[in-house]
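Each chain, letter by letter, is given below.
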Amino acid sequence: MAEITESAIRSVLETVIDPVTAKSVVALGMVGGVATRGGHVAVTLDVDPARGPSLEPLRQACEQAVRAMPGVLSATVVMTAERAAAPPPGAPPARPGGPARAGHSHGPAHAAPGGGRIEVPGVKHIIAVASGKGGVGKSTTAVNLALGLAAIGVRTGLLDADIYGPSMPRMLSVHEKPESTDSKQLKPIERYGLRTMSIGYIVNEDTPMIWRGPMVSSALEQMLRDVQWGDLDVMVVDMPPGTGDAQLTLAQRVALSGAVIVSTPQDIALVDARKGLNMFRKVAVPVLGIIENMSYFLCPKCGERSEIFGHGGAHEEADKLGVPFLGEIPLHLDIRTTSDEGHPIVVARPDSPHAKVYKDIAQRVWQQLAEKAAGARPAPRIVVR
Ligand SMILES: Nc1ncnc2c1ncn2[C@@H]1O[C@H](COP(=O)(O)OP(=O)(O)OP(=O)(O)O)[C@@H](O)[C@H]1O
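Everything numeric here is computed off the predicted structure, so don't read it as measured data.

(A) Local environment of the UniProt feature "binding site: ATP" (unreviewed entry) in the protein. Per the UniProt record, "binding site: ATP" (unreviewed entry) is found at Gly132, Lys133, Gly134, Gly135, Val136, Gly137, Lys138 and Ser139. Take Val136: its relative accessible area is 3%, and that puts it in the buried class.

Below is the structure:
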């Protein structure tokens, strides 16, 4: 079957009329990105945040119009609010007359003037958990690292930015939708002492996630900006896997204190880990260290340890690359089953050796953040009496 073209989708969207202005969503310049893959279509609508929830019927009308097109299997239309800050270098210019976001109350995230960097007031450190390739256990590590930080008394948030395949609803057993108190911002969902947010809380699990780079970036920006995160010591961001443009944009735009790279010990994964590390270096984000996941196999029956993957590769690689090695996590059935059951190991079995591994890693990460913060402060004045 021929792929549905972007221009065909835009033509259909010309028939969707905004009742307030009596103009089509296309004429209003609302249609931001359009992506299609195998009959699944995703569209972003750039909307005026002041009209936010009142535009829901319009969003639904767009979805219905696209869904009615021959060959379309599913249609997902999401609303994004335009930002007032300067776009990153090389980005297309902002739509003229677009809404301004500055001055939003309740401490929303904002982009630093000129740099387009997204910060979240009240959040001391934002750290990215990244991997050069998918399936290395990045999300499992991000969740347990966040829980490990909370367990050592650090006020922690967890943002699932893995928009291609959000895992938090399953790993944290979240079935409810986030609530809004003022119809402008969403309340994060609290789980096991963490404040959490995921695109998966908002979009149904069976909705295909077909997003292009710019869509990933704007959805992430909304999750940082339009969520009442409150005061946190650390926000852990579970990044989408890989080192493509979308990941690079995130690394560039979010005011990250540092990044943690998850790798398995295999040579092939290490090549990708190196790519991940270089990506953060390129945008001057400090790499806090590498974690080796599925480092060795611990037999669930007898507890015997076997190094089936040539354990230690990530440690050597970290030394070679001059970044800290944060620790090694065994491959163990309990780590998988507890996550699958929505009750990750750090909270399900807090006294287990695996939980201790995550807490030790959390301690190392926290120590580095504290040192960096201390280093950033002006040197103490020496007073000679
Ligand atoms: N240390 C571990 N021991 C046992 N199973 C693990 C471990 N780490 C992760 N897993 C399992 O491996 C699978 C992939 O993990 P996860 O979803 O965290 O990977 P990911 O890198 O985030 O994947 P993706 O890139 O596809 O999002 C999951 O079933 C998870 O439970």
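Next, the rest of the story.
(B) Just the pairing of strand β9 (residues 156-160), in detail. Judged by how many residues are buried, β9 sits mostly within the fold: five of five residues are covered. Burial of β9 is two-sided: the residues Thr156, Leu158 and Asp160 facing one way and the residues Gly157 and Leu159 facing the other way are all buried. Judged from the five bridges that link them, β9 and strand β12 (residues 232-238) form a sheet pairing that is parallel. Bridged to Asp160 within β12 is Asp238. Direction of pairing for β9 relative to strand β11 (residues 194-198): parallel, over a ladder of four bridges. The partner of Asp160 across the bridge, within β11, is Ser198.

(C) Structural context of the environment of Ala273. Tracing the backbone shows Ala273 in helix α8 (residues 267-282). Note on Ala273: relative accessible area 1%, which makes it buried. Taking the C-alpha atoms as reference, Ala273 lies 9.4 Å from Thr243; in sequence the two are 30 residues apart. Once residues lying within four places of it in the same chain are set aside, the contact partners of Ala273 are Gly132, Ile261 and Ser263.

(D) How the structure looks around the pairing of β12. Counting buried residues in β12 gives seven out of seven residues, a clear majority hidden from the surface. Pairing geometry for strand β8 (residues 123-130) and β12, over six bridges, is parallel. Within the sheet, the bridge partner assigned to Val123 lies in β12 and is Leu232.

What counts, and at which threshold
Residues numbered from 1 in each chain as written. Predicted model: local features only at pLDDT ≥ 70, side-chain atom pairs only at ≥ 80, totals over all residues. Heavy atoms only, no water. UniProt positions renumbered as here; feature names shortened; annotations may be inferred. Buried < 20%, exposed > 50% of the residue type's maximum accessible area, 1.4 Å probe, protein only. Helix = DSSP H or I, 4+ residues; strand = E, 2+ residues; numbered from the N terminus. Pairing = 2+ DSSP bridges. Contact = heavy atoms within 4.5 Å.

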